[in-house]
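What follows is the residue order along each chain.
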Amino acid sequence: MRYAFFFPLILTACATFPALDGTISDAARQAPYPSLTPLPALPGASTDDEAALQDRIDALQARAARLRQIEIGALQ
């Protein structure tokens, strides 16, 4: 089990890789880079989502306040 990490590494050392020289044509080498387009804007959060998020924030803050009131020494 000790050599399980090294086994895939050793196997890749024995692999033969294909020659990539000459696989790109001259026309492809001279072609311009593709133009990048921005991603479409994400839809804004609705008021329902914001209200649900605020409710969750309030619930988590109330839970945190309850947890702060627990005396740790009494639990041991």
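Worth saying up front: this structure is predicted, and the values here are computed from it rather than measured.

## A look at the overall build of the protein
Phase 1 of the analysis: Helix and strand counts for the protein come out as four helices and zero strands.
Phase 2 of the analysis: Element order for the protein, N to C, with α for helix and β for strand: α-α-α-α.
Phase 3 of the analysis: Across its three principal axes, the protein shows a C-alpha extent of roughly 70 × 50 × 15 Å.
Phase 4 of the analysis: Taken over 76 residues, the protein has a buried fraction of 0%.
Phase 5 of the analysis: Roughly 8,100 Å² of accessible area belongs to the protein as shown, and the carbon and sulfur atoms make up 63% of that amount.

## Quick word on the confidence of the model for the protein
Phase 1 of the analysis: Mean pLDDT over the protein stands at 84; residues scoring 70 or higher make up 97%.
Phase 2 of the analysis: By mean pLDDT, helix α1 (residues 6-13) is the weakest element of the protein at 77, and helix α3 (residues 47-68) is the strongest at 92.

Rules used throughout
Residues numbered from 1 in each chain as written. Predicted model: local features only at pLDDT ≥ 70, side-chain atom pairs only at ≥ 80, totals over all residues. Heavy atoms only, no water. Helix = DSSP H or I, 4+ residues; strand = E, 2+ residues; numbered from the N terminus. Buried < 20%, exposed > 50% of the residue type's maximum accessible area, 1.4 Å probe, protein only. Areas by Shrake-Rupley, 256 points an atom, 1.4 Å probe, with all protein chains shown as cover. pLDDT = per-residue confidence, 0-100.

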